[in-house]
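What follows is each chain in one-letter form.
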Amino acid sequence: MTHGNAGDALAAARPAGVIVTDPPRAGTEHVDALGAYGVATVHEAMGRTGCLGPGLRPAQQDVRIAGTAVTALCRPGDNLMIHAAVEQCAEGDILVVTTTSPSTDGMFGELFATALHHRGVRGLVIDAGVRDTAELRAMGFPVWSAAVCAQGTVKATAGSVNVPVVVGGQCIRPGDVILADDDGVMCVPRESAATAVEAVKARTAKEEATRTAFAEGQLGLDRYGLWETLDRLGVRYQPYAERAAHARGGTAS
């Protein structure tokens, strides 16, 4: 076998990447409606589903975004497929990046953000590292990442764009709704976006009624019927003097 044929055989044996074009996206009206609410509220309204966990933290504060996912699956330390994903991004999208195995390298920075900002992309969620964080804050490009690291990357290995990826135990498909704020990041499946809007409206109305009740002095024990729960669990009330005396091995006077 010639060297050329051996090279061809090795290339054929490598897993091929794919760039999927024009995936379905959740409706803009539903995305923007969900974007009016916090991640915690939507998460609760959706039956406590969709949260990507505590590992993704914002590079900025007091920012809330919502958009449709464009996904990029990269090799650790290689941001080639982020470049490919930029070309697939459109106005209203959020770029979601993960790697085939854990990585903290700074795969994204100011130059990528400049290109995405030009295309109307609303932010980045990356289960890896970012850098140029001061510049990202200054230009107002929101980022949630698993790490901040100056370590650079290469552009040498194939990956995929707009394929399902897993971040924080959640499957994210292209076109799903991504919500992010100071509390973290969550995903709403694109086909559930309209249902989520109605669920969040109901949840918000319920929270407003509870907020009013608490402001007027009602206890959560009363509002949520928790007296019965405490009793069922065997929780009892004990005067301090009685407990202190018991700790001393005596009785209260």
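Presented here is a report on the structure given in the accompanying data block.

Calculation notes
- Residues numbered from 1 in each chain as written.
- Predicted model: local features only at pLDDT ≥ 70, side-chain atom pairs only at ≥ 80, totals over all residues.
- Heavy atoms only, no water.
- Patch = residues over 30% accessible without salt bridge, like charges linked within 9 Å, V, L, I, M, F, W, Y side chains within 5 Å.
- Areas by Shrake-Rupley, 256 points an atom, 1.4 Å probe, with all protein chains shown as cover.
- Salt bridge = Lys/Arg side-chain N within 4 Å of Asp/Glu carboxyl O.
- Helix = DSSP H or I, 4+ residues; strand = E, 2+ residues; numbered from the N terminus.
- Buried < 20%, exposed > 50% of the residue type's maximum accessible area, 1.4 Å probe, protein only.
- 1 Å grid on protein atoms, 1.4 Å probe; cavity = no way out; pocket = protein on both sides within 12 Å on 5 of 7 lines; lining within 4 Å.
- Points joined across faces, edges and corners; volume = space filled by probe spheres on them.
- Nonpolar A, V, L, I, M, F, W, Y, C, P; charged D, E, K, R; others polar.
- Pairing = 2+ DSSP bridges.
- Right-handed = clockwise from strand over helix to strand, strands pointing away.

Side note on a nonpolar patch on the surface
Next up, step 1: A contiguous nonpolar surface patch, about 280 Å² in accessible area, is contributed by F214, Y224 and L226.
Next up, step 2: Relative to the assigned elements, Y224 resides in the loop between α8 (220-223) and α9 (226-232).
Next up, step 3: On the basis of relative accessibility, which here comes to 47%, the residue Y224 falls in the partly exposed class.

Details of the layout of surface pockets
Next up, step 1: As a volume, the largest pocket reaches approximately 200 Å³.
Next up, step 2: What lines the largest pocket is a set of 13 residues, among which N79, G109, L111, F112 and R131 lie closest to the centre.
Next up, step 3: Going through the elements one at a time, β4 (106-108) and α5 (110-118) are the ones with two or more residues in the lining of the largest pocket.
Next up, step 4: Tallied by class, the residues present in the lining of the largest pocket amount to four nonpolar, five polar and four charged.

Re the pairing of strand β5 (residues 123-130)
The side chains of a regular strand alternate, first on one face of the sheet and then on the other.
Next up, step 1: For β5, the buried fraction is high: seven of the eight residues fall into the buried class.
Next up, step 2: Sheet topology note: the strand β3 (residues 93-99)/β5 ladder contains four bridges and is parallel. If you follow V96 over to β5, its bridge partner there is V125.
Next up, step 3: Here two bridges tie β4 to β5, and the two strands are oriented parallel to one another. Counted as the bridge partner of F108 is V130 from β5.
Next up, step 4: Regarding topology, α5 serves as the crossover connection from β4 to the parallel β5, and that connection is left-handed.
Next up, step 5: In this region the chain leaves β5, passes through helix α6 (residues 133-139) and returns to the parallel neighbour strand β6 (residues 143-148); the handedness of that crossover is right-handed.

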